[in-house]
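# Understanding the architecture of this molecule
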Amino acid sequence: MSQREPSFFERERDRLATEITAGFEELLSSSNVLNRKLEEVLGMTREYETIAVLWQNFHELMHVQNEPSGDPRTVPGTGTHVVSNNSGQRQ
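Quick look at the structure, then. All values derive from a computational prediction rather than experimental measurement. (Residues numbered from 1 in each chain as written. Predicted model: local features only at pLDDT ≥ 70, side-chain atom pairs only at ≥ 80, totals over all residues. Heavy atoms only, no water.)

### Observations regarding the overall build of the protein
Put simply, the test is: Secondary structure elements follow DSSP: runs of H or I no shorter than four residues count as helices, runs of E no shorter than two count as strands, and numbering proceeds from the N terminus. Only protein chains enter the accessibility calculation, which uses a 1.4 Å probe; a residue is then buried when its area is under 20% of its type maximum, exposed when over 50%, and partly exposed in between. Here, Shrake-Rupley sampling with a 1.4 Å probe gives the accessible areas, and only protein chains in the shown set may cover a residue.
Summing up its helical and strand segments, the protein has one helix and zero strands in all. For the protein, the proportion of its 91 residues judged to be buried stands at 1%. Element-wise, carbon and sulfur atoms account for 58% of the exposed surface of the protein, whose accessible area totals about 9,000 Å².

### Thoughts on the packing of aromatic side chains
Convention followed: Ring pairs are drawn from Phe, Tyr and Trp, using the six-membered ring of Trp, whenever the two centres fall within 6.5 Å, and their geometry is named by plane angle: stacked under 30 degrees, edge-to-face over 60, tilted for the rest.
Throughout the structure, instances matching the rule amount to one aromatic pair. For the ring pair Trp-55 and Phe-58, a centre distance of 5.6 Å and an interplane angle of 90° mean the geometry is edge-to-face. Within this pair, Trp-55 and its partner Phe-58 are both found in helix H1 (residues 8-66), separated by three residues, close to a single helical turn. For Trp-55, a relative accessible area of 56% puts it in the exposed group.

### Looking at the pattern of salt bridges
As a reminder, the rule being used: We count a salt bridge whenever a side-chain nitrogen from Lys or Arg sits within 4 Å of a carboxyl oxygen from Asp or Glu.
The tally for this structure, following the rule as stated, stands at four salt bridges. Its salt-bridge partner being Arg-13, residue Asp-14 comes within 3.7 Å of it at the nearest N-O pair. Residue Asp-14 is classed as partly exposed on the basis of its relative accessible area of 43%. On the accessibility criterion, Arg-13 (45% relative accessible area) is partly exposed. Through salt bridges that share partners, Glu-12, Arg-15 and Glu-19 make up one connected network.

### Details of a nonpolar patch on the surface
Rule in force here: Within the patch definition used here, like charges are joined within 9 Å and nonpolar side chains (Val, Leu, Ile, Met, Phe, Trp, Tyr) within 5 Å, considering only residues with over 30% relative accessible area and no salt bridge.
On the surface, a cluster of nonpolar side chains totalling about 670 Å² of accessible area is made up of Met-44, Tyr-48, Ile-51, Trp-55, Phe-58 and Met-62. Here Met-44 shows up in helix H1.

If you want it as structure tokens, here you go:
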């Protein structure tokens, strides 16, 4: 039995199939790299969101402490600390 040589069409078909396979492998690799980069970006976004919430809480706390409470016994800048009038004096 003699093996016949593949025709031009068969050789070209095999070459194109190999080229297409290589292209799909490259596409898959690039998609995986893109996916990893997107996951990194989302992770960083979550980290910045946590920091932003922390600063927002700090800002709100400072804003509340700087508002006058209406109580004349409080000391400004100390939150709601009330100054006591009993400093060891006897009446």
